[in-house]
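# Residue-level structural notes
Now for the letters of each chain:
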Amino acid sequence: MKERTNSGRLKSASGNTVKTMKSWAEFLADNRLLLLFTLVFLAGVLIGVMVFSLSNVLISDELATILEVRVIIDGFKGGITALFSSCFSTLFLLSLLFVLGLSACGAPFASVVPLFFGMGLGLTEAYYASLGFKGMVAAAILIIPHYIIAATALLFGSMESIHMSVLLSRQLLPNGGIGGLWQDFKLYCVRFLVYFCIAFASGVADVCLRLLFGKVLL
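How each quantity is defined
- Residues numbered from 1 in each chain as written.
- Predicted model: local features only at pLDDT ≥ 70, side-chain atom pairs only at ≥ 80, totals over all residues.
- Heavy atoms only, no water.
- Salt bridge = Lys/Arg side-chain N within 4 Å of Asp/Glu carboxyl O.
- Helix = DSSP H or I, 4+ residues; strand = E, 2+ residues; numbered from the N terminus.
- Buried < 20%, exposed > 50% of the residue type's maximum accessible area, 1.4 Å probe, protein only.
- Expected span 1.5 Å × (residues − 1).
- Axes fitted to C-alpha atoms, helices over the stretch in contact; angles between N-to-C directions.
- Parallel < 35°, antiparallel > 145°, perpendicular 65-115°, else oblique.
- Contact = heavy atoms within 4.5 Å.
- Nonpolar A, V, L, I, M, F, W, Y, C, P; charged D, E, K, R; others polar.
- Phe/Tyr/Trp six-rings, centres within 6.5 Å; stacked < 30°, edge-to-face > 60°.

## Some details on the pattern of salt bridges
Counting across every chain of the model gives two salt bridges. For Arg191, the salt bridge goes to Glu160, with nearest N and O atoms at 3.1 Å. One end of the pair, Arg191, is in helix H8 (residues 182–217); the other, Glu160, is in helix H7 (residues 133–171), with 31 residues separating them in the sequence. The exposure class of Glu160 is buried, given its relative accessible area of 10%.

## Some remarks on helix H2 (residues 32–54)
When the terminal C-alpha atoms of H2 are compared, their 33 Å separation across 23 residues agrees well with the 33 Å that a helix rising 1.5 Å per residue should span. Those residues of H2 lying buried are Phe37, Phe41, Gly44, Val45, Gly48 and Phe52.

## Focus on the packing of helix H6 (residues 113–129) against H7
Look at H6 against H7: their axes get within 10 Å of each other, and the N-to-C directions meet at 180°. One way to sum up the angle between H6 and H7 is to call them roughly antiparallel. In this structure, H6 uses Val113, Pro114, Phe117, Gly120, Leu121, Thr124, Glu125, Tyr128 and Ala129 to contact H7, whose residues at the interface are Gly135, Met136, Ala138, Ala139, Ile143, Ile144, Tyr147, Ala150, Ala151, Leu154, Leu155 and Ser158. Grouping the constituent residues of the contact of H6 with H7 by class yields 16 nonpolar, four polar and one charged.

## Topic: the packing of aromatic side chains
Counting across every chain of the model gives 11 aromatic pairs. Their ring planes at 25° and their centres at 6.3 Å tell us that Phe41 and Phe117 sit as a pair that is stacked. Taken as a pair, Phe41 in helix H2 and Phe117 in helix H6 lie far apart in primary sequence, 76 residues in all. Residues Phe156 and Tyr195 carry aromatic rings whose centres are separated by 6.3 Å and whose planes lie at 25° to one another, so their mutual orientation is stacked. Residue Phe156 is located in helix H7, and its partner Tyr195 is located in helix H8; the two are separated by 39 residues in the primary sequence. For Tyr195, a relative accessible area of 10% translates into the label buried. Among the aromatic residues, those joined into a ring-pair cluster are Phe98, Phe156, Tyr188, Phe192 and Tyr195.

Below, the structure written as structure tokens:
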């Protein structure tokens, strides 16, 4: 009886393992492009860290003036200025991705946008890590959260831009049909509107975190 029970448990465990492996395989197959762009983004982060660590003192000082996060000036005007300055780079890159998606040749250029954005995060993290423990805490609280939100918008924007660019490029093939992309274009615009809202939310998160913790950590 014990042997039968043990064999039954082994079969059940092996069955659960097979199901888990199949579910993971299906997940990786369904989200392979997202995983690829996530790896590209992380590679950009690594490159940014390496660039900062290998730069000489003069370049490090110049980068510090660019990468330093400043405490928000009190008042409504100062908060709005900080909000749009925080969102500007992400909104600009999303606008670029939107335009690239409307070009049959835009896919190769759209694929490198997460890399450059990751480099910006890597440079910023490396700069604050060079300031010691307090700098690492500041990076963890003030930098990484809103960067992750912005990166989410850019990763999905890159995927959408490449998808639309590929659809347009197929129209140029000898056997490709002309037209029939109106519904795809409307979905393209709606999705990018959502990504712009996510980018704006990253700016709001940045402003809120700087208001709450900026005077303590900076």
